[in-house]
Amino acid sequence: MKKVIVACGSGVATSQTVASKVKKILEKNKVRADVSAVDIKSLDKYVKSSDVYISITKTTKEYNIPTLNGIAFLTGMGIEEETKKLLDVLK
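Thresholds, definitions, all that
- Residues numbered from 1 in each chain as written.
- Predicted model: local features only at pLDDT ≥ 70, side-chain atom pairs only at ≥ 80, totals over all residues.
- Heavy atoms only, no water.
- Phe/Tyr/Trp six-rings, centres within 6.5 Å; stacked < 30°, edge-to-face > 60°.
- Helix = DSSP H or I, 4+ residues; strand = E, 2+ residues; numbered from the N terminus.
- Pairing = 2+ DSSP bridges.
- Axes fitted to C-alpha atoms, helices over the stretch in contact; angles between N-to-C directions.
- Contact = heavy atoms within 4.5 Å.
- Left-handed = near helix turned anticlockwise from the far one by under 90°.
- Nonpolar A, V, L, I, M, F, W, Y, C, P; charged D, E, K, R; others polar.
- Expected span 1.5 Å × (residues − 1).
- Buried < 20%, exposed > 50% of the residue type's maximum accessible area, 1.4 Å probe, protein only.
- Arc of directions from axis to C-beta.

Help me understand the packing of aromatic side chains in this model?
Aromatic rings in a pair are described by how distant their centres are and how their planes are angled relative to each other. Scanning the model with the defined rule gives one aromatic pair in all. Plain terms: the ring middles of Tyr-53 and Tyr-63 are 5.7 Å apart, the flat faces sit at 80° to each other, and that makes the pair edge-to-face. Within this pair, whereas Tyr-53 is found in strand E3 (residues 52-55), its partner Tyr-63 is found in the loop between E3 and strand E4 (67-69), the two being separated by ten residues in sequence.

What is the right way to look at the sheet that holds E3 in this model?
Strand pairing in a sheet relies on backbone hydrogen bonds. The paired strands run either parallel or antiparallel. Reading across from one edge, E2-E1-E3-E4 is the order of the four strands in this open sheet, with parallel pairing throughout. The strands lining the two open edges of the sheet, one partner per strand, are strand E2 (33-39) and E4. Neighbour-to-neighbour, the strand axes of this sheet turn through a mean angle of 25°, independent of strand direction. As judged from the seven bridges shared by strand E1 (residues 2-8) and E2, these two strands associate in the parallel manner. Among the inter-strand pairings, Ala-7 is bridged to a residue of E2, identified as Val-38. Contacting E1, E2 and E3, helix H1 (residues 13-28) crosses the sheet at an angle of about 170° to E2.

Where do I start with the packing of H1 against helix H4 (residues 79-90) in this structure?
Helix-helix packing is described using two parameters, namely the angle between the two axes and the distance between the axes. It is at 11 Å that the axes of H1 and H4 come closest, and there the two elements cross at 65°. As H1 packs across H4, the resulting crossing turns out to be right-handed. Residues Val-22, Ile-25 and Leu-26 of H1 lie in contact with H4, whose contacting residues are Ile-79, Thr-83, Leu-86, Leu-87 and Leu-90. Tallied by class, the residues present in the contact of H1 with H4 amount to seven nonpolar, one polar and no charged.

Can you walk me through H4 in this structure?
Along an α-helix, residues three or four positions apart point the same way, because every turn accommodates 3.6 residues. For H4, built from twelve residues, the straight-helix expectation of 16 Å at 1.5 Å per residue is met to within 8% by its first-to-last C-alpha distance of 16 Å. When we look at burial in H4, the residues that qualify are Ile-79, Glu-82, Thr-83, Leu-86, Leu-87 and Leu-90. When H4 is viewed along its axis, its buried side chains cluster within an angular range of 135° and face the same direction. Counted as exposed and oriented over 90 degrees from the buried face of H4: Glu-80 and Lys-84. In the core, the buried residues of H4 are packed alongside E1, H1, E2, E3, E4 and helix H3 (70-75).

Quick look at the structure:
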């Protein structure tokens, strides 16, 4: 199963909200994936086993997996573009 990781500063409020929205988008598009919300300090541990990273907080580090703009999922601005990228990665 594909794996999506969503990270914010604390791993509680913002990343949970985005993870929930992403789960609904994936269900609507019949894409099976595990979506997890984590805090930014734990990101390195989880990103190694993930297929895509949805970033809420800016990081200076680059990862070897696609990184999407989590703010788009939070605010709705640019969500169509980020959703397309997400679906393209996971299908």
